[in-house]
Amino acid sequence: MSDFIKTFTNARSLKAAVRDLTLEQLQEGFAKLTDIVEERRRTEAANQAKESARLQKIEEMRALLASKGLDIADLISASTDTAKSVGKREPRPAKYKYIDENGNEKNWTGQGRTPLTIQKALNEGKSLSEFSI
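Parameters and conventions
- In every chain, residue numbers begin from 1 and rise along the written sequence.
- Since the coordinates come from a predicted model, pLDDT governs what is reported: local features require at least 70, and pairs of side-chain atoms require 80 or more to be given and counted, while whole-chain, interface and lining totals use all residues.
- With hydrogens and water stripped out, all remaining heavy atoms of the structure feed into the side-chain values.
- The pocket and cavity definitions rest on a 1 Å grid over protein atoms only: a 1.4 Å probe that fits but cannot leave marks a cavity, an open set with protein on both sides within 12 Å along at least five of seven lines marks a pocket, and residues lining either have an atom within 4 Å of a point.
- Grid points are joined across faces, edges and corners, and a volume is the space filled by probe spheres set on the points.
- In this description a helix means any DSSP run of H or I spanning at least four residues, a strand means any run of E spanning at least two, and both kinds are numbered starting from the N terminus.
- In this description, a nonpolar core means a group of buried Ala, Val, Leu, Ile, Met, Phe, Trp, Tyr and Cys residues linked to one another through side-chain atoms lying within 4.5 Å.
- We call a residue buried when its accessible area falls under 20% of the maximum for its residue type, exposed when it is over 50%, and partly exposed in between, using a 1.4 Å probe and counting protein chains only.
- Whether two residues are in contact is decided by their heavy atoms, any of which lying within 4.5 Å being enough.
- The criterion for strand pairing is that DSSP finds at least two bridges linking the strands in question.
- For this document, the term salt bridge refers to a Lys or Arg side-chain nitrogen within 4 Å of an Asp or Glu carboxyl oxygen.
- It is the directions from the helix axis to the C-beta atoms that the arc portrays.
- Here is the rule: rings of Phe, Tyr and Trp (six-membered ring for Trp) pair when centre to centre is within 6.5 Å. Planes less than 30 degrees apart are stacked, more than 60 are edge-to-face, and the remainder are tilted.

Right, let's get into the layout of surface pockets. Each pocket or cavity is described by its volume, and for the largest pocket that value is around 240 Å³. Along the walls of the largest pocket sit Phe 4, Phe 8, Leu 14, Val 18, Leu 21, Gln 25, Leu 26, Gly 29, Phe 30 and Leu 33, which together make up its complete lining. For the lining of the largest pocket, the elements supplying multiple residues, two or more each, are helix H1 (3–9) and helix H3 (23–67). At five residues, the largest contribution of residues to the lining of the largest pocket is made by H3.

Below is the structure:
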């Protein structure tokens, strides 16, 4: 907790902190603090009204579902059944085949960095179509 909050919430500490202020300064501070408190009350009341309206709508929907013979669990299961599954896509098929420096036969999809063996062959004048599967 900050020092300000400790001072502000303790009457004796607050009295000691404002001892050197004039009456006009105290009244001005009181007016500003009153405005802040009233603004906070209005904000809290508005938030409470929004939450109350939201809860009322939820109850209305729950009653509507019950009148139709449905349950929230029915809606949830229906939405998960029809939802498109998002996952890892299928690996791309290989387009090129080459033999690396170790003599192993490898495939390349044509995406990403060109394998060193193919790049060397391209630098020597060969065509990429020579490696096509």
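Following the structure, the description resumes.
So, about the nonpolar core. Core analysis: the biggest nonpolar cluster contains six residues, these being Tyr 96, Tyr 98, Trp 108, Ile 118, Ala 121 and Phe 131. Taken together, the elements giving at least two residues each to this core come down to strand E1 (96–99) and helix H5 (116–123). Apart from the residues within four sequence positions on either side, Ile 118 is in contact with Tyr 96, Tyr 98, Trp 108, Leu 128 and Phe 131.

Here we take up the pairing of strand E2 (residues 105–108). Relative to E2, E1 is paired through four bridges, and the arrangement is antiparallel. Counterpart to Tyr 96 in the pairing with E2 is Trp 108.

Applying the stated criterion to the full structure yields six salt bridges. Glu 105 is paired through a salt bridge with Lys 97; the nearest N and O atoms lie 3.5 Å apart. Residue Lys 106 is joined to Asp 100 by a salt bridge in which the shortest nitrogen-to-oxygen separation is 3.9 Å. The exposure class assigned to Lys 106 is partly exposed, which follows from its relative accessible area of 37%.

All right, on to the environment of Arg 40 then. On the secondary structure map, Arg 40 appears in helix H3. Of the residues examined, Arg 40 reaches a relative accessible area of 57% and is grouped as exposed. Between the C-alpha atoms of Arg 40 and Glu 130, which are 90 residues apart in sequence, the distance is 75 Å.

So, about H5. Taken as a whole, H5 has its buried residues at Thr 117, Ile 118 and Ala 121. Taken end-on, H5 shows its buried residues confined to a sector of 95 degrees, consistent with a single buried face. Pointing more than 90 degrees away from the buried face of H5 are the exposed residues Leu 116 and Asn 123. In the segment just after H5, Gly 125 is the residue with positive phi, at about 110 degrees.

The next subject is the packing of aromatic side chains. Under the counting rule described, the total for this entry stands at two aromatic pairs. Considering the side-chain rings of Phe 4 and Phe 8, the 5.5 Å spacing of their centres and the 20 degrees angle between planes classify their relative orientation as stacked. Of this pair, Phe 4 and Phe 8 both sit in helix H1, separated by four residues, roughly a single helical turn. Relative accessible area serves as the criterion here: at 37%, Phe 8 is assigned to the partly exposed category.

Treat this as a map of the structure, not an account of what it does.
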